[in-house]
Amino acid sequence: MDTTPPIGPTELPGKGRAIISLRPIKGGEIILRDTPLILYSAQPFNPNTPLNQNNYCSHCFKTISKHPQQTQTSCSTCGSHFCSLNCQHISSTSSHTPYICQTLSHLQHYFSNNINVPLELHSQARYLVSAYNLAVVSPEKFQKLLSLQGGELGCESDEESAKFLFSIVRPPVGDLGFSVELVRALLGKDKVNAFGLMEPFNESGERSVRAYGIYGTASLFNHDCLPNACRFDYVDGGGGGLGSGDNTEIMIRMIHEVPQGMEICLSYFPVNLRYSERQKRLKDDYGFVCECDRCKVEVNWENCGGTLAPLPPSAATSNGVMECHVCGSFKKPDQMGNLSATTLKFFGKIKGMLISNLLTHYLAKYN
Ligand SMILES: C[S@@+](CC[C@H](N)C(=O)[O-])C[C@H]1O[C@@H](n2cnc3c(N)ncnc32)[C@H](O)[C@@H]1O
């Protein structure tokens, strides 16, 4: 029997760290089960919903109402619920330390009195409390969090968020070296690496995030718009027994078989997004231009539903100009994926001209 682990880390040019297959892997094979370095609720601080009104366990995020046989319990200080005495006991030295309890209570009060603060800052505040706490309860895991990608390329709004959050989230006592710069770096780790543990679909077919988690090994998977693996979670025991029973564990499974030495990638968002939406999200949120095989094909897909194809080889003067097979628009190589509406209209109008006339016209106008 082959005892080689299925995957291992490597470095790839232009991508940083990556995960590759160490042996052939079959479709459906589980290549990773990972537990979170850090986990925090996605619920905003709501003035009408006290901190203790969650219907899930503050430690393991299991829905409490679905497990009435469990011995529910609450924190006597802030009222946070736990599905069992065991969860409450474990949380007192991990996810619900006295620091977390007091700081979340303070933030609940703050956000109730400042109702115009954008919701995104609520979850970032929760994350920051958990990250500060991690630095105290598990310096090793905190270092691992800091070693993850993210926070290198901040924009102005990231700087503003970091300043604001640094001013409202009280760090634990002791000289732990927290600063606005460190807060900004921490927020970057969250932006690039957090996975959402999802609520079930509601009656309107929508689902929201129950909690966000950052997973040390799963964070090393790069993105591909045509992924060969995907991530599952089995919150509240979903998955027909495929989960391990650990409510916050995630599982990465292969979509199809791969040979040894292939990069294993996930899609960082639903796979049905269009090319331009995917590129925008990857640039804005993850700081890179995707050059995967799917993007190389779809860069030539047009909004009209057509695709760009090169001109016949005989049109030697074409200089790489492409033509859309539906709307008849033309593009030069430097315009791929970036054609303005005016240019489209212009090419729409001149569709039907003889190709040689058209090219002369085009190149004269746009060269
Ligand atoms: C979750 S991390 C993945 C691991 C990361 N490569 C590392 O070195 O730790 C996400 C970051 O990896 C890089 N990345 C992911 N997929 C990529 C891709 N297809 N091309 C280039 N960079 C990519 C980007 O910097 C992105 O922000």
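In this text the structure is predicted, and so the values were computed from the model without any measurement.

**Comments concerning the overall build of the chain**
Piece 1. A count of helices and strands for the chain gives 10 helices and 15 strands.
Piece 2. Every one of the 367 residues in the chain was classed for burial, and the buried ones make up 45%.
Piece 3. Put simply, of all contacts in the chain between residues at least 6 apart along the chain, 61% involve residues at least 24 apart.

**Digging into the site of the ligand**
Piece 1. Taken together, 15 residues form the shell around the ligand, and within it Lys 15, Arg 17, Asn 222, His 223 and Tyr 286 come nearest.
Piece 2. Separating a nitrogen atom of the ligand from a side-chain N or O atom of Asn 222 is a distance of 2.8 Å.
Piece 3. Contacts to the ligand include His 223, whose backbone N or O atom sits 2.9 Å from a nitrogen atom.
Piece 4. If the ligand stood free it would expose 560 Å²; the protein chains cover 92% of that surface.
Piece 5. Residue assignment for the shell around the ligand shows that the elements contributing at least two residues are β2 (16-21), α6 (180-193) and β9 (222-223).
Piece 6. Considering only residue class, the shell around the ligand consists of 6 nonpolar, 7 polar and 2 charged.

**Considering the sheet that holds strand β13 (residues 308-310)**
Piece 1. Pairing is antiparallel across the open sheet formed by 3 strands, whose spatial order is β13-β14-β15. At either end of the open sheet lies a strand with only one pairing partner, and these are β13 and β15 (330-331).
Piece 2. As paired strands, β13 and strand β14 (residues 322-324) are joined by 3 bridges and run antiparallel to one another. Residue pairing across strands places Ala 309 opposite Glu 323, the latter belonging to β14.

**Quick notes on the sheet that holds strand β11 (residues 250-254)**
Sheet strands line up and pair through hydrogen bonds in the backbone, either parallel or antiparallel.
Piece 1. One open sheet holds the 3 strands; their spatial order is β3-β11-β10, and the pairing between them is antiparallel. Both outer strands of the open sheet, β3 (30-34) and β10 (229-233), are each paired with one neighbouring strand and no more. Strand-to-strand twist in this sheet, taken as the mean axis angle between neighbours without regard to direction, amounts to 20°.
Piece 2. Relative to β11, β10 runs antiparallel, the two being bridged by 5 bridges. Within β11, the residue paired with Ala 229 across the bridge is Met 254.

**Focus: the pairing of strand β1 (residues 7-12)**
Piece 1. Where β1 lies against β2, 6 bridges are found, and the strand directions are antiparallel. Opposite Pro 9, over in β2, you have Ile 19 as the bridge partner.
Piece 2. Where β1 folds back onto β2 in an antiparallel hairpin, the turn is made up of 3 residues, including Gly 14, whose phi is positive at roughly 80°.

**Considering a nonpolar patch on the surface**
Piece 1. There is a patch of nonpolar side chains on the surface, built from Val 136, Val 137 and Leu 176 and spanning about 210 Å² of accessible area.
Piece 2. For Val 137, the position within the fold is in helix α3 (residues 119-137).

**Some details on the layout of surface pockets**
Piece 1. Space inside the second largest pocket adds up to approximately 750 Å³.
Piece 2. Lining the second largest pocket are 32 residues, and of these Ile 38, Leu 39, His 59, Ser 94 and Ser 95 lie nearest its centre.
Piece 3. Sorting the residues of the lining of the second largest pocket by element identifies β4 (36-41), α2 (98-113) and α3 as the ones contributing at least two each.
Piece 4. Residues of the lining of the second largest pocket, tallied by class, amount to 14 nonpolar, 15 polar and 3 charged.

**Structural notes on unusual backbone geometry**
Piece 1. A positive phi angle is found at Phe 61, which is not glycine, with a value near 65°.
Piece 2. As for its position among the elements, Phe 61 is in the loop between β4 and β5 (73-74).

**Let's talk about the side chain of Gln 124**
Piece 1. Tracing the backbone shows Gln 124 in helix α3.
Piece 2. The exposure class of Gln 124 is buried, given its relative accessible area of 13%.
Piece 3. Not counting chain neighbours up to four residues away, the residues in contact with Gln 124 comprise Ser 161, Leu 165 and Leu 187.

**A short note on the packing of aromatic side chains**
Piece 1. Under the defined criterion, the tally for this structure stands at 11 aromatic pairs.
Piece 2. When the centroid spacing of 5.0 Å and the interplanar angle of 5° are considered together, the rings of Phe 45 and Phe 111 count as stacked. You can see Phe 45 sitting in the loop between β4 and β5 and its partner Phe 111 sitting in helix α2, a full 66 residues away along the chain.
Piece 3. According to the relative accessible area criterion, Phe 45 is buried, its value standing at 2%.
Piece 4. Among the residues examined, Phe 111 registers a relative accessible area of 1% and is labelled buried.
Piece 5. Ring geometry for Phe 142 against Phe 178: centres 6.2 Å apart, planes inclined by 85°, an arrangement best described as edge-to-face.

**Focus: the confidence of the model for the chain**
Piece 1. Taken residue by residue, the chain gives an average pLDDT of 87. The fraction at 70 or more is 86%.
Piece 2. The low-confidence segment residues 338-367, where pLDDT is below 50, has 43 contacts with residues more than four positions distant or belonging to other chains.

Analysis parameters
- Residues numbered from 1 in each chain as written.
- Predicted model: local features only at pLDDT ≥ 70, side-chain atom pairs only at ≥ 80, totals over all residues.
- Heavy atoms only, no water.
- Helix = DSSP H or I, 4+ residues; strand = E, 2+ residues; numbered from the N terminus.
- Buried < 20%, exposed > 50% of the residue type's maximum accessible area, 1.4 Å probe, protein only.
- Contact = heavy atoms within 4.5 Å.
- Near = heavy atom within 4 Å.
- Polar contact = N/O pair within 3.5 Å; in protein donor to acceptor, adjacent residues only side chain to side chain.
- Areas by Shrake-Rupley, 256 points an atom, 1.4 Å probe, with all protein chains shown as cover.
- Nonpolar A, V, L, I, M, F, W, Y, C, P; charged D, E, K, R; others polar.
- Pairing = 2+ DSSP bridges.
- Axes fitted to C-alpha atoms, helices over the stretch in contact; angles between N-to-C directions.
- Patch = residues over 30% accessible without salt bridge, like charges linked within 9 Å, V, L, I, M, F, W, Y side chains within 5 Å.
- Salt bridge = Lys/Arg side-chain N within 4 Å of Asp/Glu carboxyl O.
- 1 Å grid on protein atoms, 1.4 Å probe; cavity = no way out; pocket = protein on both sides within 12 Å on 5 of 7 lines; lining within 4 Å.
- Points joined across faces, edges and corners; volume = space filled by probe spheres on them.
- Phe/Tyr/Trp six-rings, centres within 6.5 Å; stacked < 30°, edge-to-face > 60°.
- pLDDT = per-residue confidence, 0-100.

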